[in-house]
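Topology and contacts: notes
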Amino acid sequence: MKRKIDLGAVIVLMLLVATVTWLVALWQTTEAYNSQIEKILRVAEEFKKIEQIKEYIETAYVGSWDEEKLLDGAAGGMMDSLGDKWSGYLNYEDYQSYKDSRENRVVGIGVSATRDDETGGILITEVYGDSPAFDANLLPLDIIITVDGESLRNMAYEQAVERIRGDAGTVVNLEIYRPSTDETFKRDITRREVQIESVRSRILEGGIGYIRIRNFDKGTDAKFVEAVTNLMMADVRGFIFDVRNNPGGAKEVMLPMLDMLLPEGVLFQYRDKGGEMIKDMSDANSVDLPMIVIINENSYSAAEFFAAALKEYDYAELVGRPTTGKGFGQSPIELSDGSGIILSTIEYFTPNGVSLADVGIKPDYSVVLTDDEAARFHVMEPSEDRQIVKAYDVLNVKIEKLEEQARQLAELEAALLGGEEDGDASDP
């Protein structure tokens, strides 16, 4: 017997379900709304001091002021308060210029640079040929201490660099300290676009492949892979990788370079804000040739990590000077108005789990250049560069040992095969 469905009961049930669903949705929306309100109120309270200062400036300050500069100053002060020399705030123009520089093209004076901890200025690590800095007779190891009369001592690194860069055709006044002669002087330099050759390679005498890596910015990985491939096709017997005065760059650029060279295993590991340890791995393909990496005190970040990873895998020995040590990676973050911050967001470790922060890496063979040699190393012939000469000599010894071992192994195999043939001929 069929049971009759009570239409009224069904309608009531549907209304009850709809009501409950609506109440749950309302509760969730209310919770989210209340949470958002609480957040707004908390932020308003946290920034009440800044709002009060701005109100006093607007109502009581007798001098002239610029609201955009005021807000930039507040943002910059917040980043400076972190006490992290690698983090900083960049206004709109500076941040857009920074993005261009990561493309291995830059409008500026044409130098590589890093922070000089002693003076607080910007240490020039390389002067590019056919650049405004080259035309102005600036030299590596010169230190920029003011830009347009503004001291760089307490300015964040990226902010200081962007002060030096600028629009093509504009003039920047730099005050320079030259340690080699203990003199200070000023230069007016007209900025222009400079293309950065991030990878340079050649074959040295005896079939040694030499690759200079200037940075780890966009495109460097592809150029590096091409250089290594071409040198291997030319049957080089080993590699010298030169990362002196390399300010570093992006791990996403460095990893394919290490992956090409190293066997299967951990390439890079880092800890994020949440404390999670994340590992980047290499595949099984590698380059089976002896290697040397040349480093110095201006090999930073990805540059010193590149050397450390090859060293830990026992793929390379190191020649030169100890690096300074950097153990935190930065992320560029663009803000709503086109300005940006450079913020330390990860703590990174070598494949063996070692932090390089404030420790760096030490060379297996220490070679100290004079100030004059250090200033000219990028233009010297390899035979004049004592660090390259040492790397070349060490690499040749390694190659000769490996080749001698290969000859002995070949002779042993030939003898064993010869003995087996004689035995076969005398068998009944």
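What comes next is a walk through the structure. (Residues numbered from 1 in each chain as written. Predicted model: local features only at pLDDT ≥ 70, side-chain atom pairs only at ≥ 80, totals over all residues. Heavy atoms only, no water.)

Quick look at the environment of Arg-178
Selection criterion: Strands here are runs of E lasting at least two residues and helices are runs of H or I lasting at least four, both read from the DSSP assignment and numbered beginning at the N terminus. By definition in these notes, contact holds between two residues if any of their heavy atoms fall within 4.5 Å. Polar contact is defined as a pair of N or O atoms within 3.5 Å, subject to the rule that within protein one atom must be able to donate a hydrogen and the other to accept it, and that residues adjacent in sequence are counted only when both atoms are side-chain atoms.
Mapped onto the elements of the fold, Arg-178 is located in strand β7 (residues 171-178). Measuring from C-alpha to C-alpha, the distance between Arg-178 and Ile-143 comes to 6.4 Å, with 35 residues separating the pair along the chain. In this view, Arg-178 contacts Asn-137, Leu-138, Leu-139, Asp-142, Glu-183 and Phe-185; residues no more than four positions away in its chain are not counted. Polar contacts involving the side chain of Arg-178 include one to the side chain of Asp-142, which spans 2.8 Å.

As for the environment of Arg-115
With respect to the helices and strands, Arg-115 occurs in strand β3 (residues 111-115). Spatially, the C-alpha atoms of Arg-115 and Leu-152 are 9.9 Å apart, while their sequence positions differ by 37 residues. Setting aside residues no more than four positions away along its own chain, Arg-115 makes contact with Gly-120, Gly-121, Ile-122, Leu-152, Arg-153, Met-155, Ala-156, Tyr-157 and Tyr-300. A polar contact of 2.4 Å, which involves the side chain of Arg-115, links it to the backbone oxygen of Gly-120. A distance of 3.4 Å separates the side chain of Arg-115 from the backbone oxygen of Leu-152, its partner in a polar contact.

Points about a nonpolar patch on the surface
Test applied: In this scheme, patches are assembled from residues that exceed 30% relative accessible area and form no salt bridge. Like charges are connected within 9 Å, while nonpolar side chains (Val, Leu, Ile, Met, Phe, Trp, Tyr) are connected within 5 Å. Residue exposure ignores everything except the shown protein chains as possible cover, and the areas themselves are Shrake-Rupley values with a 1.4 Å probe. Salt bridges are defined by distance alone: a side-chain nitrogen of Lys or Arg within 4 Å of a carboxyl oxygen of Asp or Glu.
Together, Phe-47, Ile-50 and Met-78 give the surface a local cluster of nonpolar side chains, amounting to about 260 Å² of exposed area. You can see Phe-47 is positioned in the loop between α1 (7-46) and α2 (48-60).

Some words on helix α9 (residues 302-312)
Operational definition: Think of it in three bands: with a 1.4 Å probe and only protein chains considered, a residue is buried below 20% of the maximum accessible area for its type, exposed above 50%, and partly exposed in between.
Most of α9 sits out of view: 9 of its 11 residues are buried. Trailing α9 by a residue or two, Asp-314 shows a phi angle of about 60°, which is positive.

Focus: the pattern of salt bridges
Summed over all chains, the structure comprises 24 salt bridges. In this structure, the salt-bridge partner of Glu-58 is Lys-54, at a minimum N-O distance of 2.6 Å. In this pair, Glu-58 and Lys-54 both sit in helix α2, 4 residues apart, roughly one turn of the helix. By relative accessible area, Glu-58 is classed as partly exposed at 44%. A single salt-bridge network, built from bridges that share partners, covers Glu-126, Glu-197, Arg-200, Arg-212 and Arg-214.

Focus: the side chain of Asp-280
Tracing the chain through its elements places Asp-280 in strand β14 (residues 277-282). Reaching out from Asp-280, the side chain makes a polar contact with the side chain of Lys-251 at a distance of 3.2 Å. Non-local contacts of Asp-280, meaning those with residues more than four positions away in its chain, are made with Lys-251, Leu-255, Gly-265, Val-266, Leu-267, Phe-268 and Tyr-270.

Details of the layout of surface pockets
What counts, and what does not: Buriedness of a pocket was judged along seven lines, with at least five required to meet protein on both sides within 12 Å; pockets are open sets of points on a 1 Å grid over the protein atoms alone, cavities are sets where a 1.4 Å probe fits but cannot get out, and lining residues have an atom within 4 Å of a point. Grid points are joined across faces, edges and corners, and a volume is the space filled by probe spheres set on the points.
In this model, the largest pocket occupies a volume close to 1000 Å³. Around the largest pocket, the lining is made up of 46 residues, and of these Arg-102, Glu-158, Asp-217, Gly-248 and Gly-249 lie nearest the centre. For the lining of the largest pocket, the secondary-structure elements that each account for two or more residues are α4 (92-101), β2 (105-108), β3, α6 (157-164), α8 (251-261), β17 (328-334) and β18 (340-349). For the lining of the largest pocket, the leading source of residues is β17, giving 5 residues.

Re the sheet that holds strand β11 (residues 208-213)
Here is the rule: Two strands are said to pair when DSSP picks up at least two bridges between them.
What the 6 strands build is an open sheet, ordered β10-β11-β12-β15-β16-β19; its pairing is mixed. The sheet terminates laterally at β10 (199-204) and β19 (365-366), the two strands that pair on one side only. Pairing analysis gives 4 bridges linking strand β12 (residues 238-242) to strand β15 (residues 291-295), with the strands arranged parallel. When the bridges of β15 are listed, Phe-239 appears paired with Met-291.

Observations concerning the nonpolar core
Counted only if it meets this: Here, nonpolar core refers to any group of buried Ala, Val, Leu, Ile, Met, Phe, Trp, Tyr and Cys residues whose side-chain atoms link them within 4.5 Å.
Ile-211, Phe-224, Phe-241, Phe-306 and Leu-310 are the most contacted members of the largest nonpolar core, which totals 41 residues. In this structure, Val-127, Met-155, Ala-160 and Phe-185 belong to the second largest nonpolar core, which totals 21 residues.

Some points on the pairing of β3
Of all 5 residues in β3, 4 are buried; the element is thus mostly enclosed. With 5 bridges connecting them, β3 and strand β4 (residues 122-127) associate as antiparallel partners. By the bridge assignment, Thr-114 is partnered in β4 with Leu-123. The hairpin turn running from β3 into β4, its antiparallel successor, is 6 residues long, and Gly-120 in that turn takes a positive phi close to 80°.

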